[in-house]
Amino acid sequence: MIEKNNVWVFVELVAGKPSQLSLELLGKGRELANAKNKKLVGLLLGDKLQEAAKEVEGYGADIAVCCQDSALAAFEGRLYTKVTGDVLKKYEPNVLLIGGSANGRELGGRLSAQMNLGLVADCVDCMYESDNDDITWVRPAYTGKLFVKIFTTTRPQLATISDKIFRGNVFDASRQGETVVENVDLGGLTGTQKILSLTADSSVEQPVSEVNLETADIIVSAGRGVGSKEGMEKVQALAKSIGAAFGVSKPLVDEGWAPHEWQVGVTGKKVAPKVYIALGISGAIQHQLGIKEAKVVVAVNTDKEAPIFQRANYGIVGDLFKAIPEIEKQFKPKV
Amino acid sequence: MKIVVLVKQVPAVSNVQLDPVTHNLVRTGAPAMLNPADLHAAEAALQIKEQAGGGTVTILCMGSPAATEVMRECIAIGANDGILVCDGGVRGSDTLATGKVLAKAIEKIGGVDAVFTGKKSLDGDTGQIPPAVAQRLGMNLLSYVESVSFADGKLQATRKNNSGVETIEAPTPVVVSVMETANTVRTPNLKGKMSAKKVVFPVWTLADINLAPEAVGSSGSGTKVTELFEPPKHEQGVIISGADEAASIQELADTLRSKKVI
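Only a predicted model underlies this, so the values are computations on that prediction, with no experimental measurement involved.

When you go through chain A residue by residue, the secondary structure sums to 9 helices and 18 strands. Taking 20 Å as the expected radius of gyration for a compact globule of 335 residues, we find that chain A reaches 22 Å, a close match to that expectation. When contacts within chain A are restricted to residue pairs at least 6 apart in sequence, long-range pairs at least 24 apart make up 63% of them.

Shown next as structure tokens:
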């Protein structure tokens, strides 16, 4: 039995597993549910969902609602909208969070039209601000110069959420959730779209065996201040020894010292670690935008005028190579 | 192949003014331009028409009479004609309400095989119109496409999705939202420039597309902007000046530990 007015998250699956963005939404959704003493429900559509449902529960959902049908194996807007719309009508959630991926945005826009619901795009924050059940949605407006607060006047409240904004929960395999399998009625709709090919995007894929930039708690990044490829490799070795992910600024990619996969910034990866350690990075605005969501930024640079010090929470004017041994000592995880 | 291209007139970004009370854009007097991605949508539509061996490209715009200026830019590169939906009742429409207007207008045009539009507008910045229109018309959607082509009654497109680069195929009728990087827009020729100068666009009101005023505008919308505010400032950073680099790092680590960051 699922009550009304719960907090729901649409869980997008990539290769059968919840996407990174979906995990971020489960983290935020948990917070919203706790704030109103409601349940967090993960909504899954696909052809085989049992394992993904367990994961969704391990990442914080109380209930995983599974809409299972071979026609739902790949995302197709019209079908996903029909099935999701039926579920929303049946369970009347207070809110549905949808990830702002290409598919998520399509689903959001279609649901809005289908059910006559207000929809807010690309939110960077959301919260209950009062005793009632209104969510305040926050999104950038006018090219990011300002933010707006928006309410949705319809129910369920609907929004797409930008990636790299919220942190997901830590997976807890022992967390017990309830899996509810829904009857799927496609209402006579059949799939007509076809994915002809899917190639891993080099800007999405992370080289294996490296700590993932997108999920790392600590990132150590190297900039032009390393002076040479050998210098960069010293920073890379530091990252490895403290179990951090390793990133670089654009100039090192331009020099050919590092692959584009390692680049942090607007044209590389946007990251959201707890601690971002920028070594020898001057901090061009493109780089700063890529680390906008980092909780704490530490910068070491010989140039005290470097723009990175405007963004850094803690700045050290000095030689990064002299700082490396102590960083290694201080940040190495205790065994 | 009968194609409709949705375009929007947007304020030139650097000159954005906001109404302090309604938080809506002040459009009067602000320099305006064609939403950049929409021009690439028009180019993509023209290419698809050519690949299909003929047809028509119609520009559809919801806006003020001044918006016809940006519609002319699309005529100049080869679009056949255009329709302006203009009615005071649409003022304050969000994407829910705007989607109704555009879908109704496309239905009135009738027999449309494909709808092209930019991936999003510069001012609203939501990208919600393409899926909203697709849903209301019961069409497939190829969104955020980097390239698109036509063969055997189907459109084929490539786009980035969270798992990589996809090549997708969908039969017509279909809605396509186009990235600015999708193509290079052709330069208007003399004939195009002449057509753009003398074209007269029919103007449709809400009554013409069978929409009640309360279905659109702020009463037909599902969102309400309540507050505008400055981006949160980062707390002022501190420079740690220990005796040497090692001492500074040590002090830093102590601070982070005391704040339970590490």
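Residue and element names in this part refer to chain A. Counting buried residues along strand β11 (residues 157-161), 5 of its 5 residues qualify, which places the element largely inside the surrounding structure. Here β11 shows two buried faces, one formed by Q157, A159 and I161 and the other by L158 and T160. Where strand β6 (residues 95-99) lies against β11, 5 bridges are found, and the strand directions are parallel. In the sheet register, V95 faces β11, and the bridge partner there is Q157. As paired strands, strand β7 (residues 119-123) and β11 are joined by 3 bridges and run parallel to one another. In the sheet register, L119 faces β11, and the bridge partner there is L158.

Take the nonpolar core next. Formed by 126 residues in total, the largest nonpolar core has its most connected members in L44(A), V5(B) and V176(B). When residues in this core are grouped by element, the largest group, 8 residues, is from helix α1 (residues 36-51) of chain B. With residues near it in sequence (within four places) discarded, V5(B) still touches A41(B), A42(B), A45(B), V57(B), I59(B), L60(B), C74(B), A79(B), F116(B) and T117(B). Membership of the second largest hydrophobic core comes to 48 residues, among which are V248(A), W262(A), V275(A) and A278(A).

With that settled, consider helix α3 (residues 95-109) of chain B. All names here are of chain B. For α3, spanning 15 residues, the distance from its first C-alpha to its last is 21 Å, which sits close to the expected 21 Å at 1.5 Å a residue. Among the 15 residues of α3, 12 are classified as buried, and the element is accordingly described as predominantly covered. For α3, every residue scored as buried is listed here: T95, L96, A97, T98, G99, K100, V101, L102, A103, K104, A105 and I106. Among the residues trailing α3, G110 stands out with phi positive, at a value near 80 degrees.

A word on the confidence of the model for chain A. Averaged over chain A, the pLDDT score is 91; the fraction of residues at 70 or greater is 96%. Predicted confidence for residues 203-209 of chain A stays below pLDDT 50, and this span has 8 contacts to residues more than four positions away or in other chains.

This part covers helix α9 (residues 320-331) of chain A. For α9(A), every residue scored as buried is listed here: L320(A), A323(A), I324(A), I327(A) and F331(A). Buried residues of α9(A), viewed axially, fall in a sector of 120 degrees; they line one side. The inward-facing, buried residues of α9(A) abut β14 (218-222), α5 (229-241), β16 (275-279), β17 (296-301) and β18 (314-317) of chain A together with α6 (245-258) of chain B.

Once that is clear, we can look at the interface of chain B and chain A. Facing the 60 residues of chain B at the interface are 67 residues of chain A. Looking at the side of chain B that touches chain A, the elements that each hand over two or more residues are α3, α4 (129-137), β7 (140-151), β8 (154-161), β9 (164-171), β12 (223-229), β13 (238-239) and α6 of chain B. A per-class count over the side of chain B that touches chain A returns 27 nonpolar, 22 polar and 11 charged. The pairing of β18(A) with β13(B) spans 2 bridges and is parallel. Within β13(B), the residue paired with Y314(A) across the bridge is V238(B).

Moving on, we come to the sheet that holds β16(A). Within the open sheet, the 6 strands sit side by side as β15(A)-β14(A)-β16(A)-β17(A)-β18(A)-β13(B). Their pairing is parallel. The two strands at the open ends of the sheet, each matched to only one other strand, are β15 (245-248) of chain A together with β13 of chain B. Sheet topology places β14(A) next to β16(A); 5 bridges connect them, and they run parallel. For I219(A), the partnering residue across the bridge sits in β16(A) and is Y276(A). Contacts between α5(A) and the sheet are confined to β14, β15 and β16 of chain A, with β14(A) contributing the most and set at about 175 degrees to the helix.

A cis amide bond links R155(A) with the next residue in sequence, P156(A), at an omega value of -5 degrees. Of note, the phi angle at D122(A) is positive, near 50 degrees, even though the residue is not glycine. Assignment of secondary structure puts D122(A) in strand β7. Residues other than glycine seldom take positive phi values, yet Y144(B) does so here, at roughly 55 degrees. Checked against the element boundaries, Y144(B) lands in strand β7.

A few words on the environment of K270(A). Residues and elements named next belong to chain A. When you line up the elements, K270 lands in the loop between α6 (250-254) and β16. Judged by the 19 C-beta atoms lying within 10 Å of it, K270 is partly exposed. C-alpha separation for the pair K270 and S70, spaced 200 residues apart in sequence, amounts to 34 Å. Setting aside anything within four residues of it in sequence, one finds K270 in contact with K164, G290 and E293.

The share of residues in chain B with pLDDT of 70 or more is 92%, and the mean pLDDT across the chain is 92. ipTM for the predicted complex: 0.88, alongside a pTM of 0.80.

A few words on the packing of α3(B) against α4(B). Residue and element names in this part refer to chain B. Where α3 meets α4, the closest approach of the two axes is 9 Å, and the angle between their N-to-C directions is 50 degrees. Taken as axis vectors, α3 and α4 run oblique relative to one another. Seen from above, α3 lies across α4 with right-handed handedness. Touching T95, T98, G99, L102, A103 and I106 of α3 are I129, A132, V133, R136 and L137, all from α4. Across the contact of α3 with α4, the residue classes tally to 7 nonpolar, 3 polar and 1 charged.

We now examine the pairing of strand β4 (residues 56-62) of chain B. Residue and element names in this part refer to chain B. Within β4, 5 of the 7 residues are buried, leaving the element largely enclosed by the surrounding structure. Relative to strand β5 (residues 81-85), β4 is paired through 5 bridges, and the arrangement is parallel. Looking at the pairing, L60 lines up with I83 of β5. Following the backbone out of β4, through helix α2 (residues 68-76) and into the adjacent parallel β5, one traces a crossover that is right-handed.

Cut-offs applied
- Residues numbered from 1 in each chain as written.
- Chains lettered and ligands numbered in written order.
- Predicted model: local features only at pLDDT ≥ 70, side-chain atom pairs only at ≥ 80, totals over all residues.
- Helix = DSSP H or I, 4+ residues; strand = E, 2+ residues; numbered from the N terminus.
- Rg over C-alpha atoms; globule rule 2.2 N^0.38 Å.
- Contact = placed C-beta atoms within 7 Å.
- Buried ≥ 20, exposed ≤ 12 C-beta atoms within 10 Å, placed from the backbone.
- Pairing = 2+ DSSP bridges.
- Core = buried A, V, L, I, M, F, W, Y, C linked by C-beta atoms within 7 Å.
- Expected span 1.5 Å × (residues − 1).
- pLDDT = per-residue confidence, 0-100.
- Arc of directions from axis to C-beta.
- Nonpolar A, V, L, I, M, F, W, Y, C, P; charged D, E, K, R; others polar.
- Axes fitted to C-alpha atoms, helices over the stretch in contact; angles between N-to-C directions.
- Parallel < 35°, antiparallel > 145°, perpendicular 65-115°, else oblique.
- Left-handed = near helix turned anticlockwise from the far one by under 90°.
- Right-handed = clockwise from strand over helix to strand, strands pointing away.

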